[in-house]
Amino acid sequence: MTVSMSVVQDVLDNYKSAVYEKDVERFLSSYDPDVLIYDCWGKWESRGIAPWKESVTEWFNGLAADGVYLNVDFNDLVVEENSNLAFIHCTVTFAAHQEESGEKLRQITNRFTFGLRKEKDSWLITHEHSSLPIDMNTGKGMFNLK
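These lines cover the structure that appears in this document, whether it is placed above or below.

Conventions and cut-offs
- Counting of residues starts from 1 at the beginning of each chain's written sequence and follows it residue by residue.
- Totals for whole chains, interfaces and linings use all residues, but because this is a predicted model, local features are given only for residues with pLDDT of at least 70 and pairs of side-chain atoms are given and counted only at 80 or more.
- Note: side-chain values were computed over all heavy atoms of the structure, leaving out hydrogens and water.
- Here a helix means four or more residues in a row that DSSP labels H or I, a strand means two or more in a row labelled E, and each is numbered from the N terminus.
- A helix is expected to reach a length of 1.5 Å times the quantity of its residues less one.
- The cut-offs for exposure are 20% and 50% of the maximum accessible area for each residue type, with area from a 1.4 Å probe on protein chains only; residues under the lower value are buried, those over the upper are exposed, and the others partly exposed.
- Arc, as used here, means the arc of the directions from the helix axis to the C-beta atoms.
- The rule for pairing is simple: two strands pair if DSSP sees at least two bridges between them.

For the rest of this paragraph, the subject is helix α3 (residues 49–65). Taking 1.5 Å as the rise per residue, α3 with 17 residues should run 24 Å; its terminal C-alpha atoms sit 24 Å apart, in good agreement. Those residues of α3 not exposed but buried are W52, S55, V56, F60 and L63. An end-on view of α3 places all buried positions within 125 degrees of arc, on one side of the element. For α3, the exposed residues set more than 90 degrees away from the buried face come down to A50, E54, E58 and A65.

Laid out in structure tokens, this is it:
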């Protein structure tokens, strides 16, 4: 599946809607085949689209099994771009809702950085880094500080 993303905002819009719909292929359409992911969930890194697809599939399948959908909000968004490269940093809030009732169950906020490159007429994520600050006393991630 090829999704044309002619402006950087299209990548973020695709991210939000693909997560909401749990559409693995559409979600991955925003990523370069050689993407490097530094994720704060379980794996130190994913190099290339194949291991990233495994992680995303597991994530979306888990949401489906739990009867949950996620609303994604990008906050404190800064986008810098030129004709071929873009850099985004922001906070991203993932709010889980029960599919049947729409009741909000939980939410977390992470820090994200995206590096993108323009290929033909579409923007692709070549690097993604998500993080949380660490409580130095407990060694645990600190959620929802914002």
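A negative phi angle is the norm for most residues apart from glycine, just as the trans form is the norm for most peptide bonds. Unlike most non-glycine residues, D76 shows phi in positive territory, near 50 degrees. Within the element layout of this structure, D76 appears in strand β3 (residues 68–81). Assessed through its relative accessible area of 45%, D76 is described here as partly exposed. Unusually for a residue other than glycine, K120 sits at a positive phi of about 60 degrees.

Now for the pairing of strand β5 (residues 104–119). For a regular strand, side chains alternate in direction, first toward one face of the sheet and then toward the other. In this structure, strand β4 (residues 85–98) lies alongside β5, joined through 13 bridges in antiparallel fashion. Note on β5: the bridge partner recorded for V92 is N110. Here β4 folds back onto β5, and the loop between the two strands holds five residues, one of which, G102, carries a positive phi near 80 degrees. Note: β5 against strand β6 (residues 122–131), nine bridges, orientation antiparallel. Its bridge partner being in β6, L116 is matched across the sheet by I125. Taken together, β5 and the strand that follows it, β6, pair antiparallel across an intervening segment of two residues, in which K120 is found at a positive phi of about 60 degrees.

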